[in-house]
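Observations on chain architecture
Chain by chain, the residues:
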Amino acid sequence: MRFSDDLYQLIHSLSQSEKRYVKLVAKAFTSKGTDNQLDLFNAFDRQKESNEEKIRVQFKDRIPARNFHVAKNRLYNLILRALYLFHAKNSYKEKINQMYFQADVLRQKGLYKQCDALLEKGIQQAKSHEDYLLATNGLGKLAASYQDQRDVQKIKKYLDEDLKQEYEFIENYKNDITYYYLQLKTLFLTHKKRAARSEEEMDAIKIISDHPLLQDETLAKSARAKDVFWFLNGFIARYKGDYEKASEYWGHFVKAYDIYDRIPKAKITNYVADVNNLMFLELEALLFETADKTCQKLEQFLEEDYIQSDPFLTVKIKERIFEFRLEYYVRSYKYKEALDYLSQHQDELDAIYPQVGKFRILVLDYVIACIHICNAQFDEASKFLDQVFENKIIKEHEYIYAGAMILNLIVHFELGNYQLLDSMLLNTYRMMYKRKLLYKTERIIFKYLKKYLHRQSKQTILDSFILLKQELQELVKNKFERSFLPNVDLVVWIESKIQNKPMLEIASTGGLSLEH
């Protein structure tokens, strides 16, 4: 029987400090069954992989099977309660919401002076954090208090002063949510495809990039809106293929952390995301040395004691480092180094795989398949491509989907599965055509692979590869074709066919690029 592993995942996401606090809360707020809850917590915590069946057997004399799901739910909710109490003290939002809730209680008791004082304090704090929605909420509660009091002077003050301020808060909040709308719109386009591949796609992103709020930073009314301004302009430049410009925009975020000797706890998650974004942009811009140095920031950060004590954050940082290093070696033609790095860190990769999301697994499997292709390990590449296709979210990320389908054809061509390849070519072509994933580069590859199936002599095949190389080198001058299949340089692969040498040997002599 399959059981939900939500409780297991929640417990294994906790830091040591959070685990200690959960146990304190369990002892403080529960009486009946406290020992069972703590022991159940420890049992899940000790497991390296989720195995509820084993725990059910272990607790069969203490928790009846019919009640085990109830015990799990109670423990799950206890952990959530403890996490709320643990983190609420560091959240300005929760502190202000607590003031508002306490003010509501005071108002219901008729203690209006105390109520209004709390509300005014909360409003000022919300304003200082540029949280205009929270400030507006506080002013609304203040108006309700004045109404209950039937205090004419306070009502007049609200109408003359507070209402005007409330309108300003609302306008600023509208400014914030417009930026967030633009952010969601941009992410929707850029997460499906890594870069624009047609005029139609370029037009779609241009509608966003031409929005007035993305033209002038001073139009952003809050610090968060300003961050979105830089973030989106970076994403848009990346989608347009201007990677250096994009890295300039996102470098703005990483530079902001230079003032800290130690990254504040509240900024750690954002710091990791910002460094991650920057190093991949620099990699896409082929700024290998710069990207390597940026990645070293994350590697050094991972060594901090207060980071290593947080298993969830440790996994998040490791997955980004692993993905970057693997892509870094492939893009810089260091194929053997990529394979060596993969081998050296295989145990760590195996350990984090069950703890990362489907998207990260998808990307890692795809890059690892590329590494095996570049090292002529086509059977291994085929296994990882199978895992890519089995990933449930692959069709949500078209650039990986299309790249994997092309690589799959190349792998079966290298394995000599010509009978299978004949049917695969037709099926893959139809699938990509239906999903509008066929661009000029893909069409050319299909054309030549189909020809190879019907070539008889080695000379005609060699001549065909030379023509394919020439066509691809010419095609890359098209701005929409430059970003095709970035993890495997097809010209290196073609050159390996022409010279009858492994890609590793071709790359070791300096490598080739579609632009050369």
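So, how was this worked out
- Residues numbered from 1 in each chain as written.
- Predicted model: local features only at pLDDT ≥ 70, side-chain atom pairs only at ≥ 80, totals over all residues.
- Heavy atoms only, no water.
- Core = buried A, V, L, I, M, F, W, Y, C linked by side-chain atoms within 4.5 Å.
- Buried < 20%, exposed > 50% of the residue type's maximum accessible area, 1.4 Å probe, protein only.
- Contact = heavy atoms within 4.5 Å.
- Helix = DSSP H or I, 4+ residues; strand = E, 2+ residues; numbered from the N terminus.
- Patch = residues over 30% accessible without salt bridge, like charges linked within 9 Å, V, L, I, M, F, W, Y side chains within 5 Å.
- Areas by Shrake-Rupley, 256 points an atom, 1.4 Å probe, with all protein chains shown as cover.
- Salt bridge = Lys/Arg side-chain N within 4 Å of Asp/Glu carboxyl O.
- pLDDT = per-residue confidence, 0-100.
- Phe/Tyr/Trp six-rings, centres within 6.5 Å; stacked < 30°, edge-to-face > 60°.
- Expected span 1.5 Å × (residues − 1).

1. A word on the nonpolar core
- In this structure, Phe 301 and Ile 317 are the most contacted members of the largest nonpolar core, which totals 85 residues.
- Non-local contacts of Phe 301, meaning those with residues more than four positions away in its chain, are made with Ile 263, Ile 268, Tyr 271, Val 272, Tyr 306, Ile 307 and Ile 317.
- Ranked by size, the runner-up nonpolar core spans 28 residues in total, among them Ile 205, Ala 220, Phe 231 and Leu 281.

2. Some remarks on unusual backbone geometry
- Residue Arg 150 is not a glycine yet carries a positive backbone phi of 55°.
- Here Arg 150 lies in the loop between α8 (132–149) and α9 (152–192).
- Even without being a glycine, Leu 286 presents a positive backbone phi close to 65°.
- Here Leu 286 lies in the loop between α13 (268–284) and α14 (288–302).
- The exposure class of Leu 286 is partly exposed, given its relative accessible area of 48%.

3. Brief notes about the side chain of Ser 15
- Counting through the fold element by element, Ser 15 comes out in the loop between α1 (6–12) and α2 (16–29).
- Judged by relative accessible area, Ser 15 falls into the buried class, the value being 9%.
- If sequence neighbours within four positions are ignored, Ser 15 has contacts with Ser 309, Asp 310 and Pro 311.

4. A word on a nonpolar patch on the surface
- There is a patch of nonpolar side chains on the surface, built from Phe 29, Tyr 84 and Leu 85 and spanning about 290 Å² of accessible area.
- When you line up the elements, Phe 29 lands in helix α2.
- Here Phe 29 falls in the partly exposed class, since its relative accessible area comes to 46%.

5. Observations regarding the environment of Ile 394
- Inspection of the secondary structure puts Ile 394 in the loop between α20 (378–390) and α21 (398–414).
- With 31 residues separating them in the primary sequence, Ile 394 and Val 363 have C-alpha atoms 9.5 Å apart.
- Setting aside chain neighbours within four positions, we find Ile 394 in contact with Leu 362, Val 388, Phe 389 and Tyr 401.

6. As for the confidence of the model for the chain
- Averaged over every residue, the pLDDT of the chain is 86; the share at 70 or more is 91%.
- Counting interchain partners and residues more than four positions distant, the pLDDT-below-50 stretch residues 511–516 has 18 contacts.

7. Remarks on the packing of aromatic side chains
- Evaluation of the coordinates by the stated rule reveals 17 aromatic pairs.
- The interplanar angle of 85° and the centroid separation of 4.9 Å between the aromatic rings of Phe 235 and Trp 250 together place this pair among those described as edge-to-face. With Phe 235 in helix α11 (residues 223–239) and Trp 250 in helix α12 (residues 243–255), this residue pair connects regions lying 15 residues apart in the sequence. With respect to burial, Phe 235 and Trp 250 carry one shared label: buried.
- An angle of 20° between the planes, with centres 5.7 Å apart, marks the rings of Phe 324 and Tyr 328 as stacked. Highlighted residues: Phe 324 and Tyr 328, both in helix α16 (residues 311–331), separated by 4 residues, approximately one helical turn.

8. So, α20
- For α20, which comprises 13 residues, the first-to-last C-alpha distance of 18 Å matches the rise-based estimate of 18 Å (1.5 Å per residue) to within 8%.
- Along α20, the residues that are buried comprise Phe 378, Ala 381, Ser 382, Phe 384, Leu 385 and Val 388.
- Buried residues in α20 make contact with α19 (358–374) and α21.

9. Topic: the pattern of salt bridges
- In this structure the tally under the stated criterion is 26 salt bridges.
- Residue Asp 162 is joined to Lys 157 by a salt bridge in which the shortest nitrogen-to-oxygen separation is 3.0 Å.
- A salt bridge links Lys 501 to Glu 505; the shortest N-O distance between them is 3.9 Å.
- On the basis of relative accessibility, which here comes to 37%, the residue Glu 505 falls in the partly exposed class.
- A network of salt bridges, in which partner residues are shared, links Lys 316, Glu 319, Arg 320, Glu 323 and Arg 360.

10. Examining the environment of Val 388
- Mapping Val 388 onto the fold places it in helix α20.
- Once the C-alpha coordinates of Val 388 and Ser 464 are considered, the two residues, 76 residues apart in sequence, prove to be 30 Å apart.
- Leaving out residues up to four positions away in the same chain, Val 388 has contacts with Leu 362, Asp 365, Tyr 366, Ile 394, Ile 400 and Ala 404.

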